[in-house]
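As a plain string of letters, each chain reads:
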Amino acid sequence: MKYTSLAIDDPAELIFGVAPHPLTTREGMVIGGGTVYPELNFTLPPITIDAAGMAEVRRNYADIIEGALGRAAELTAPGVVIEFETLPPMTEHPEWGMEIVNILIEGMEREKARSGLKSVLRMTPNDNREFERPPLMRRGRYWEAMLQLFEGSAAAGAELLSIESVGGKELHDEALVNGDLAASIFSLCILGERDMRFLWTHLNDIAKKHGVYCAGDTACGFGNTAMVLAEQKMIPRVFAAVVRAVTAVRSLVAYECGAVGPGKDCGYENPILKAITGFPMAMEGKTSACAHLSPMGNLAAATCDTWSNESVQNIKLLGGMAPTCYMEQLIYDCRLMNCARAEGRDSARMLQRWLVESDVATDPQAFIISPESSVELARAIVGSDSHYHAGIAVARKAVSLLREANAAGRLRIAGNEAGWFDTLDDTLDDLPDSEGEFISQQLALADSTKFIAAEYGLT
Amino acid sequence: MNELHPLTQAVINGRRKEVPDLVQQCLDAGEDAKSIVQDRLVPGMTVVGERFKKNEIFVPEMLVAARAMKEALKILEPLLVAAGVRPEHTAIIGTVEGDLHDIGKNLVAMMWKGANMEVIDLGVNVPPAKFVEAIAQHKPHLVGLSALLTTTMPAMRTTVKAIRDAGIPVKIVVGGAPITREFAEEIGADGYSRDAGSAVDAALELLRAKA
Ligand code: B1M
């Protein structure tokens, strides 16, 4: 484990707008340096993305960037992060993805020349590797095309590189619907850890070559799938919250391989990572209900350095086009946080407390990423000698934090969930101490048609 | 309330290990395989489905029950095949081309299986031609299409059209986060369901209308 101590060990310091290791963009935005920036992400309305449809696709992105940045300038935003999260055909055909990158960069430069608005582009090619089943994780046309898009966009001026990588997910969906914490730990801390290390080593090479930053990854396909399943009452919220804690072990690997933030918005595990690494983090919450519901709309903002809407379709709302409306909402959210900061430490602390207190007791997932819990969970991770042990330690800590809070009446947990504390603890008690033994056990149980162990360096 | 049969109760509680003996007891008592499925197993899964719909239990608990039912089917299926009995309804399900989201689709498939339908799952990223081919081969009563991306909604439209153009009479149900009833109607699907729980009702409604 690269990190053996915490960069932030006081929950009061795990706060929006400041990170011990801020990041300065080429245009001089200092992320984590005292200002929370809005981070806008957008997607297409129902359109087919193919060669014939590309003209309409281009038009959409050109309109989005012009409208949204125009509004940001009118509202005198201190700077904005624009995230381009590609849709699958744009990564499969990197030349299409690059067309959009160039449209966005041109739009950003035009607005800079017009109004002086600072902006930076976060490039998030989507991880298409699982189009092949079982997926090839380290080779093949999906891998090649993805790297090509990363490389092209870094060269074109995208300064922040991110991805929602999927390594380990082949087994994790099943783990979730079965409520199987052992299989979840195997997916995240054994398979996920190995894939992250492979992937981010490559991304770090690309970033270095072009003088850009590796920003960070997210365990979206794991933690957010669990969160959404829990929102839909498919799996217990308690289980989803414990899975969230374990996702931090997987996402941490990006930082071990050179990422410096801002961590990717949909990584609700980011407060734990901020405590460990001290790097700035993007977060999303109430202003991303356009993309998915979550039980911690305010609390998620308590620790953010950029504040995101996750994704919104380019459709017309009464106020204007949706990305423009969301840019406005993000800017107002950020203004409030920045105003509190400007008033001094006590005011910032007060707002942080309100953001936390308004959600923390209502849901295990919110509770688990509060600054207080995050610091404790982070401590469990850095105190471990391997990612496997970190997965067990952080899960155990999460269960005990939730159990205690429930017993003390500090957290509301539905009656049909209470039995899950014992189930989860029993699972953890049964896990072997030896990683090798755990891997053998899980390989014997796993559906071998779904994944290729050798793609993770396991045989 | 009538007391439930021990096999029904074992399914509800997911007591998988007890199931083979209980099935054998039913067979020894002269019950045929079809009535064991219909009168002992399906009522168990119906209770589980109801509890799930009322948010009393979660998917993991439901899967434990489904595995118990599967244990019974392992014994009963050869007998059903020998007697020429097939489930009343067959369905094909898949996520449309370009889309890899499958958790919702899997849950719908699971619920349909619990309602004693034979479900053939084509997986994710399924091109229209593959749906048409599978329909021609398996002659299902029902086809389920799932899409989670706005940019694969057009693929859902294309798939419905391809199935209609192939001229095979089959009912189509669609669903997925961005799909609405209006969209379902617009693309010519027969049914829409917003979640896995109501997907069973939507399917049965269409199948009854057909009968
Ligand atoms: C046949 O009849 C029926 C009847 C009912 C049916 C039905 C069929 N199918 C579904 N239903 C219904 O019943 C189910 C049970 O009640 C329900 O199914 P759902 O699937 O809705 O619900 C599931 C039980 C739980 N829900 C889910 O599993 C989906 C949750 C969200 C967060 C989500 C997840 C988990 C994932 N994703 Co994706 N993902 C999102 C989702 C956000 C959202 N708002 O939905 C969405 C859909 N994804 C999105 C995106 C952009 C993407 N995703 C991608 C990947 C992934 C993961 C792999 C990480 C993971 C999928 C895991 C999996 N195996 O399915 C990528 C695309 C991959 C691809 N080619 O498909 C990628 C492009 C991200 C990227 N840049 O890599 C967004 C869509 C944007 C758009 N343009 O439409 C998104 C809204 C999240 C966001 N960013 O805002 C009902 O809809």
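Since the model is a prediction, treat every value here as computed from it, not as a measurement.

Digging into the site of the ligand
Residues in contact with the ligand amount to 46 residues; listed here are only the nearest, Asn 126 and Asp 173 of chain A together with Leu 100, His 101 and Thr 150 of chain B. In the environment of the ligand, an oxygen atom lies 2.8 Å from a nitrogen or oxygen atom belonging to the backbone of Asp 102 of chain B. Ala 177 of chain B places a main-chain nitrogen or oxygen 3.3 Å from an oxygen atom of the ligand. If you list the elements that add at least two residues to the shell around the ligand, you get α5 (169-178) and α7 (220-231) of chain A together with α5 (103-114), β3 (142-146) and β4 (171-175) of chain B. Looking at the shell around the ligand residue by residue, the class counts come to 18 nonpolar, 17 polar and 11 charged.

Considering the interface of chain A and chain B
Tallying the contact residues gives 26 residues for chain A and 22 residues for chain B. Taken together, the two surfaces of chain A and chain B that pack against each other cover about 2000 Å², and 66% of this comes from carbon and sulfur. Applying the counting criterion to the chain A and chain B interface returns 1 salt bridge. For the pair chain A and chain B, the interface holds 5 residue pairs in polar contact (both at pLDDT 80 or more). At the level of secondary structure, the elements contributing two or more residues to the side of chain A that touches chain B comprise α5 and α7 of chain A. For the side of chain A that touches chain B, the per-class residue count stands at 15 nonpolar, 6 polar and 5 charged.

Points about the coordination of the cobalt atom of the ligand
Geometry reference: four tetrahedral donors at a metal, ideal angle 109.5 degrees. Six octahedral donors, ideal angles 90 or 180 degrees. For the cobalt atom of the ligand, the sole protein-derived donor is His 101 of chain B (NE2), lying 2.2 Å away. Summarising the element assignment, His 101 of chain B is placed in the loop between β1 (89-95) and α5.

A few points about empty space enclosed by the protein
Residues and elements named next belong to chain A. Applying the stated criterion across every chain yields a total of 1 cavity of 30 Å³ or more. In this structure, the largest cavity occupies an estimated 30 Å³ of space. Put simply, the parts of the chain that give the lining of the largest cavity at least two residues each are α7 and α8 (237-256). For the lining of the largest cavity, a count of residues per class yields 4 nonpolar, 1 polar and 3 charged.

Concerning the packing of aromatic side chains
Residue and element names in this part refer to chain A. Going through the model one piece at a time under the given rule, you end up with 9 aromatic pairs over all chains. Centroid distance Phe 42 to Tyr 61: 6.0 Å. Interplanar angle 65°. Geometry classified as edge-to-face. Highlighted residues: Phe 42 in the loop between β3 (37-41) and α1 (54-74) and Tyr 61 in helix α1, separated in sequence by 19 residues. Taking the centre distance of 5.2 Å and the plane angle of 40° together, the rings of Trp 143 and Phe 198 count as tilted. In this pair, Trp 143 is assigned in helix α4 (residues 141-156) and Phe 198 in helix α6 (residues 181-210), connecting sequence segments 55 residues apart. For Trp 143, a relative accessible area of 4% puts it in the buried group. Residue classification places Phe 198 among the partly exposed residues on the basis of a relative accessible area of 21%.

Looking at the side chain of Ser 184 of chain A
All names here are of chain A. By the secondary structure assignment, Ser 184 is in helix α6. Take Ser 184: its relative accessible area is 0%, and that puts it in the buried class. Once residues lying within four places of it in the same chain are set aside, the contact partners of Ser 184 are His 172, Ala 175 and Val 243.

Conventions used here
Note that residues are indexed from 1 along each chain, following the sequence as it is written. The order in which chains are written sets their letters, starting at A; the order in which ligands are written sets their numbers, starting at 1. Residue-level local features of this predicted model are given only where pLDDT is at least 70; pairs of side-chain atoms are given and counted only at 80 or more, and the full residue set underlies all totals for whole chains, interfaces and linings. Excluded from the side-chain calculations are hydrogens and water; all other atoms, namely the structure's heavy atoms, are used. Here a residue counts as near a molecule or strand whenever at least one of its heavy atoms sits within 4 Å of it. Any pair of N or O atoms that falls within 3.5 Å is considered a polar contact. Within protein, one atom must be able to donate a hydrogen and the other to accept it, and sequence-neighbouring residues count only if both atoms are side-chain atoms. Secondary structure follows DSSP: runs of H or I at least 4 residues long count as helices, runs of E at least 2 residues long count as strands, and numbering of each begins at the N terminus. Nonpolar residues are Ala, Val, Leu, Ile, Met, Phe, Trp, Tyr, Cys and Pro. Charged residues are Asp, Glu, Lys and Arg, and all others, Gly as well, are polar. We call two residues contacting when some pair of their heavy atoms lies within 4.5 Å. Throughout, the accessible surface (probe 1.4 Å) given up by two parts as they are put together, summed over both, is called the buried area. By definition here, a salt bridge exists when the distance from a side-chain nitrogen of Lys or Arg to a carboxyl oxygen of Asp or Glu is within 4 Å. Each metal site is built from N, O and S donor atoms within 2.8 Å (3.2 Å for Na, K and Ca), and since water is not included, such sites may look incomplete. Buriedness for pockets is judged along seven lines, at least five of which must meet protein on both sides within 12 Å for an open set on the 1 Å grid over protein atoms alone, while cavities are sets there where a 1.4 Å probe fits but cannot get out, and lining residues have an atom within 4 Å of a point. Grid points are joined across faces, edges and corners, and a volume is the space filled by probe spheres set on the points. Only rings of Phe, Tyr and Trp enter the pairing, Trp through its six-membered ring, and a pair is recorded when the two centres are within 6.5 Å. The plane angle decides the type: under 30 degrees is stacked, over 60 is edge-to-face, the rest tilted. Each residue gets one of three labels from its accessible area relative to the maximum for its type: buried under 20%, exposed over 50%, partly exposed in between, using a 1.4 Å probe on protein chains only.

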